[in-house]
Amino acid sequence: MPLRHTLALLLFAAAATVWGTHNRAGEIIVCYTGQGLIYQATIVTHTKLSAPADRPELTLLWGDGTSTTIQRSPPIDDPVRDIRRSEYTAQHTYAGPGTYVLSFDDQNRNAGVVNVPQSVSQSFCVKTELVISPFAGNNCSVRFLKEPIQDACLNRPWIHNPVAYDLDGDSLSFEPVVCLGLGCAPIAGYQYPNQVNGSTGATYTINPSNGTIQWLNPQVQGEYNIAFRVYEWRRVNGVLVQMGWVTRDMQVTVRPCSNNPPVISQENDTCVVAGTFLSFPVQANDPDFGQSVTLTALGQPFVLANSPASFVSPSPAQSVTGIFNWQTNCSHVRLQPYQVVFNAIDNAPQEQLQDFRSMNIRVIAPRPQNPTATPNGSAIDLAWQPSCNNATGYRIYRRVGSYGFVPGYCETGVPAYTGYTLLATVNGAGNTTFTDQGPLAVGSQYCYMVVGTFNDGAESIASIEFCAILDRQVPVITHASVGITSPTVGLDTVRWSNAYDLDTALRPGPYLFKLYRGTGFNTATTLIYTSPLHPFLAHPDTQFIDAGLNTRDQAHVYRIDFFGRADQATPDFIGSSAPASTIFINLVPNDEQLTVQWSLNVPWTNTLYDVERDIGGVWTLVGTSTTGSFTETGLSNGQRYCYRVKSTGSYGNPDIVSPLINFSQEACGIPVDLTPPCAPTVALDNDCELPLNTLTWNNPNESCADDTYQYRIYFATGPSGQYALVGTVVGAENTSFRHSDGFSVAGCYQVTAIDTAGNESAFIAPVCGDNCPIYELPNVFTPNGDQSNDFFVPFPYRGVRSIALVVYNRWGMPVFRSQDPAIGWDGTYLDTGERLPDGVYYYVCDVVLARLAGDEALPLKGYVHLLGGASSLQQN
């Protein structure tokens with residue numbers, strides 16, 4: 001080796017030694033300052049205190065094309081462990097919302113890192129992604145509570161947890177990543193610790209939920225660099241949105257030792273209501289005789305500003321028990337649980353090994369207190385007392401009748417299975433009243449539950465159910481049922497209950513009812529009955545038989561108007577009942593089945609629908625439903641079946657008769673096969689050289705049908721082209737088809753299955769093939785009549801849609817034209833039949849190739865030698 005090369009290498013090695021800081025770990029944390037678009041970032045590094053170089057300043061790239069050189073804050077040194085912890089903090093104003101990747105790049109890494117090729121020539125770089133979103137709110141990145149200094153023993157488990165937490169309460173996920181090197185690019189040839197030579201059987205994993213890293217077990221001693229990324233997730237308008245990430249790079253040194261790590265007992269996740277004092281013991285022990293364990297706890301609960309948790313660490317011993325204590329309160333309520341990590345470290349003289357156990361603690365808000373519901377005319381006034389003053393508001397839920405909901409363990413909100421629906425949302429912790437103005441049906445019992453809401457989407461436990469019934473100041477319809485189904489002589493029965501809560505001193509009698517009818521479900525305007533006068537509120541006339549109707553083809557809706565002082569010239573109109581309609585059913589036929597669907601509009605709540613079928617003249621129950629439809633299967637196509645529906649319901653009011661039973665009209669239908677077979681799964685053998693396309697597919701009768709009998713094959717020249725029928729294959733067992741589009745095999749296919757009823761399966765994703773076109777012209781031909789090379793023709797070609805050929809003589813005059821891809825020029829002049837003399841002729845040929853993505857132009861230009869033409873014949 002020349003002397004100058006040897007000297008250069010020595011200088012490079014010396015420079016690496018001088019400038020290498022032996023970075024052991026680093027990350028960047030960033031947080032919104034609360035002002036404008038100003039964010040504060042901090043580079044955190046852990047370096048060897050004994051390293052020959054130091055870094056009093058570092059340059060941070062903000063991810064928007066700008067950078068700042070930052071002076072270090074006073075470092076924290078640990079001479080015993082040879083560690084210096086440094087922080088570099090600066091603020092930056094961004095121009096607007098966006099995604100920014102912050103980074104710093106520190107030259108160089110130290111030499112000899114086992115899993116980093118040529119580590120001395122690699123820099124130490126870490127990145128952090130900051131998302132500034134106008135929709136998701138401001139953001140602070142992940143922070144770590146466990147220092148990244150933890151070495152390993154050869155052939156012993158290495159377990160580490162960074163104890164990450166998020167100030168915003170965002171959900172976190174973890175993944176291992178490749179370390180970054182020169183120029184902040186992933187290091188080429190980087191290996192995870194279990195991938196290096198000699199690590200047979202070793203595993204290296206990171207728990208994606210709690211961040212615990214396990215290396216089981218290190219088998220090659222030396223220094224390793226590992227990196228992992230922690231993602232932040234926030235739910236915005238019901239959608240989980242990534243809010244950025246932080247990468248930590250750390251170094252682990254593996255040395256030989258005979259130590260075994262301590263063991264912490266596993267603590268199960270728990271959930272508490274804010275205000276609960278949570279306390280439990282945590283145990284750890286060391287399997288090596290004579291060694292002692294130091295047990296500590298880390299996590300966000302310990303660094304909270306308001307009522308933080310505490311951990312009573314025992315004195316080091318071989319077996320220890322610590323006590324976790326936390327007086328929770330409403331400020332701790334959030335959607336995401338808090339992670340607590342317990343850390344045990346032994347006191348081995350060589351390498352101190354560690355164990356980690358993590359658990360989650362969810363803090364939920366107590367239920368709103370002392371709710372009340374008070375009728376107020378046609379409305380109901382609701383009120384409650386807050387349980388947490390930091391709530392952002394409340395959600396109010398309502399249903400007809402009580403459910404008796406008892407929240408389960410750690411269950412917040414109001415689950416849908418209770419039948420409660422969201423009525424309203426109010427903002428502000430102190431906004432604890434709401435008036436339900438309905439419309440509400442007189443006589444119905446309305447029950448409510450209230451849930452507190454919080455800024456991050458958390459909900460409180462639901463309040464107890466609280467209910468109220470509107471005073472019956474008007475009649476209440478209890479029955480609207482079809483008695484006879486007919487287009488002309490149909491019959492409905494209508495019943496109602498009196499207005500028993502009416503103040504008769506203020507609204508005296510005599511009283512009467514007026515009954516109105518309408519078609520459909522909502523509006524009744526035709527007066528069909530006026531009751532006799534009655535002096536007392538308990539009017540006996542509360543039923544009417546409505547006859548002569550078309551109940552077969554339409555529903556009917558009814559309304560009752562109630563009058564006092566009915567003997568006066570101008571009676572006192574007291575009010576109207578809520579409308580109530582009959583049940584109307586429709587039948588939807590399909591293959592060997594009928595679906596019964598029904599519609600209605602009633603002021604009470606139906607909890608069950610019985611579907612009955614006429615079997616031998618007896619209405620027989622064939623199914624039940626709590627929705628608006630029921631499907632009976634196993635029927636025979638072509639046979640007539642008749643149905644009716646019986647509803648069972650209630651106002652939820654103990655003073656009104658219950659249950660309320662009503663019937664629909666009778667309706668009949670005939671099952672017919674309207675269900676097509678499932679679409680065949682098609683495979684295409686696209687042979688572009690023959691050219692020929694061969695299609696094959698599965699027989700639907702072997703999987704999802706039983707009456708497929710033929711197939712239709714459709715073809716389009718491209719993925720967006722119009723499909724045209726190109727073939728039919730009869731017989732379900734015949735599952736192949738061959739096709740070419742003349743000269744081309746470019747195009748897409750759909751194969752459908754047809755059943756015996758004529759139902760055709762749907763188009764699905766097509767299968768497509770393409771041409772491999774070729775078109776070449778010769779450079780000589782001899783039109784002398786010897787039947788050998790007498791014509792100017794292309795070599796064997798394929799995939800050509802069209803050509804436009806013009807041949808010129810040496811003076812540039814056209815002598816031949818053709819649009820036929822086969823050409824077939826015999827050496828004569830245009831269409832005259834006159835033979836041209838021998839010579840060199842120039843041609844221009846615009847070729848159009850048929851391709852799947854669309855026609856493709858292929859321009860050809862060249863020369864052709866004509867031999868054996870007119871001049872040759874003259875010589876002969």
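Residues numbered from 1 in each chain as written. Predicted model: local features only at pLDDT ≥ 70, side-chain atom pairs only at ≥ 80, totals over all residues. Heavy atoms only, no water.

What about the overall build of the chain?
On a plain count of helices and strands, the chain comes out with 2 helices and 62 strands. A compact globule built from 876 residues should have a C-alpha radius of gyration of about 29 Å, whereas the chain, at 43 Å, is more than 25% larger. With respect to the principal axes defined by its C-alpha atoms, the chain has extents near 125 × 105 × 55 Å. The 876 residues of the chain split such that 49% are buried. Pairs at least 24 apart in sequence give 67% of the contacts found in the chain among residues at least 6 apart. Averaging the coordinates of the 46 positive side-chain charges in the chain and doing the same for the 74 negative ones gives two points 6 Å apart. (Helix = DSSP H or I, 4+ residues; strand = E, 2+ residues; numbered from the N terminus. Rg over C-alpha atoms; globule rule 2.2 N^0.38 Å. Buried < 20%, exposed > 50% of the residue type's maximum accessible area, 1.4 Å probe, protein only. Contact = heavy atoms within 4.5 Å. Lys, Arg positive; Asp, Glu negative; His and termini not counted. Charge placed at Lys NZ, Arg CZ, Asp CG, Glu CD.)

Some thoughts on the sheet that holds strand β52 (residues 724–730)
With antiparallel pairing, the 4 strands of this open sheet are ordered in space as β52-β51-β54-β55. With one partner strand each, in any of the chains shown, β52 and β55 (767–769) form the two edges of the open sheet. The sheet shows a mean angle of 25° between the axes of neighbouring strands, taken without regard to direction. Examined bridge by bridge, strand β54 (residues 747–755) and β55 share 3 bridges and lie antiparallel to one another. Looking at the pairing, Gly747 lines up with Gly769 of β55. (Pairing = 2+ DSSP bridges. Axes fitted to C-alpha atoms, helices over the stretch in contact; angles between N-to-C directions.)

Details of the side chain of Asn225
Looking at the secondary structure, you find Asn225 in strand β16 (residues 222–236). Classification of Asn225 by relative accessible area gives buried; the value is 1%. Beyond its immediate chain neighbours, meaning those up to four positions away, Asn225 contacts Arg109, Val113, Asn115, Val116, Phe124, Cys179, Tyr190, Asp249, Met250 and Gln251.

Quick word on the pattern of salt bridges
Here the idea is simple: oppositely charged side chains can pair when their charged atoms come close. Inspection of the entire model under this criterion finds 28 salt bridges. The salt bridge partner of Arg357 is Asp355, with a shortest N-O separation of 3.2 Å. For Asp355, a relative accessible area of 3% gives the class buried. Among the ionic contacts, a cluster of salt bridges with common partners joins Arg24, Asp151, Arg255 and Glu351. (Salt bridge = Lys/Arg side-chain N within 4 Å of Asp/Glu carboxyl O.)

Things to note about the confidence of the model for the chain
Across the chain, the average pLDDT comes to 92, with 97% of residues at 70 or higher. For the stretch residues 1–20, pLDDT sits under 50, and the model shows 17 contacts to residues farther than four places along the chain or on other chains. (pLDDT = per-residue confidence, 0-100.)

Observations regarding the state of the cysteines
Considering all chains together, one arrives at 10 disulfides under this definition. Through a disulfide, Cys31 is tied to Cys140; the S-S separation comes to 1.6 Å. On the sign convention where negative is left-handed, the bridge of Cys31 and Cys140, at about 45° about the S-S bond, is right-handed. You can see Cys31 sitting in strand β1 (residues 23–32) and its partner Cys140 sitting in the loop between β8 (124–132) and β9 (142–144), a full 109 residues away along the chain. For the residue pair Cys31 and Cys140, the accessibility class agrees, reading buried in each case. Here Cys330 engages in a disulfide with Cys388; their sulfurs sit 1.9 Å apart. (Disulfide = S-S within 2.5 Å.)

Some words on the environment of Thr542
Its location among the elements puts Thr542 in the loop between β36 (526–530) and β37 (543–549). Here Thr542 falls in the buried class, since its relative accessible area comes to 19%. Sequence spacing of Thr542 and Val131 is 411 residues, and the spatial spacing of their C-alpha atoms is 68 Å.

Quick word on unusual backbone geometry
Residue Pro439 is reached from Gly438 by a cis peptide bond, and omega for that bond is 15°. You can see Pro439 is positioned in the loop between β30 (433–436) and β31 (445–453). Residues Leu690 and Pro691 are joined by a peptide bond in cis, for which omega reads -10°. Within the secondary structure layout, Pro691 lies in the loop between β49 (682–687) and β50 (692–697). Positive phi, close to 50°, is recorded for Asn370, a residue that is not glycine. Along the chain, the position of Asn370 falls in strand β26 (residues 369–376).

Focus on the sheet that holds strand β41 (residues 584–590)
Spatially, 3 strands are ordered β41-β42-β45 in an open sheet, and the strand pairing comes out antiparallel. Edge positions in the sheet fall to β41 and β45 (629–633), since each of these pairs with one other strand and no more. Strand-to-strand, the axes of this sheet are offset by a mean angle of 20°, without reference to chain direction. The pairing of strand β42 (residues 593–599) with β45 spans 5 bridges and is antiparallel. By the bridge assignment for β45, Leu594 is matched with Glu632.

Considering the packing of aromatic side chains
If you walk through the whole model with that rule in mind, you get 40 aromatic pairs. Ring geometry for Phe563 versus Phe573: centroids 5.4 Å apart, planes at 55°, classification tilted. Taken together, the positions of Phe563 in strand β38 (residues 556–564) and Phe573 in strand β39 (residues 572–576) put the pair 10 residues apart, joining distant regions of the chain. Seen in terms of ring centroids, Trp825 and Tyr841 are 6.1 Å apart; in terms of plane orientation they differ by 85°. Their pairing is edge-to-face. Of this pair, Trp825 sits in the loop between β58 (814–818) and β59 (828–829) while Tyr841 sits in strand β61 (residues 839–849), placing them 16 residues apart in sequence. (Phe/Tyr/Trp six-rings, centres within 6.5 Å; stacked < 30°, edge-to-face > 60°.)

Section: the pairing of β31
Among the 9 residues of β31, 9 are classified as buried, and the element is accordingly described as predominantly covered. Across the two faces of β31 the burial is the same, with Gln445, Cys447, Met449, Val451 and Thr453 and Tyr446, Tyr448, Val450 and Gly452 all buried. Note that strand β28 (residues 393–400) and β31 share 8 bridges and pair antiparallel. Paired with Tyr394 across the strands is Gly452, a residue of β31. Relative to strand β32 (residues 466–469), β31 is paired through 4 bridges, and the arrangement is antiparallel. When the bridges of β32 are listed, Tyr448 appears paired with Phe466.

Structural notes on the nonpolar core
Core analysis: the largest hydrophobic core is formed by 48 residues, its most contacted members being Phe324, Phe342 and Ile380. Once residues within four sequence positions are removed from consideration, Phe342 is found in contact with Ile264, Glu267, Phe280, Val282, Thr296, Ala297, Phe311, Asp355, Phe356, Arg357 and Met359. Residues Tyr190, Val196, Tyr204 and Met250 belong to the second largest nonpolar core, which totals 30 residues. (Core = buried A, V, L, I, M, F, W, Y, C linked by side-chain atoms within 4.5 Å.)

Some details on the environment of Gly509
With respect to the secondary-structure elements, Gly509 resides in the loop between β34 (490–497) and β35 (512–519). The spatial distance from the C-alpha of Gly509 to the C-alpha of Leu537 is 7.3 Å, given a sequence separation of 28 residues. With sequence-adjacent residues up to four places away left out, Gly509 is seen in contact with Pro535 and Arg565.

Considerations on the pairing of strand β6 (residues 83–93)
Direction of pairing for strand β2 (residues 38–48) relative to β6: antiparallel, over a ladder of 11 bridges. Pairing of Gln40 across the sheet is with Gln91, part of β6. The sheet contact formed by strand β5 (residues 76–78) and β6 spans 3 bridges and is antiparallel. Bridging from a neighbouring strand, Asp78 pairs with Ile83 of β6. With antiparallel pairing between neighbouring strands as the criterion, β5 and β6 make up a hairpin whose turn holds 4 residues, including Asp82 at a positive phi of roughly 60°.

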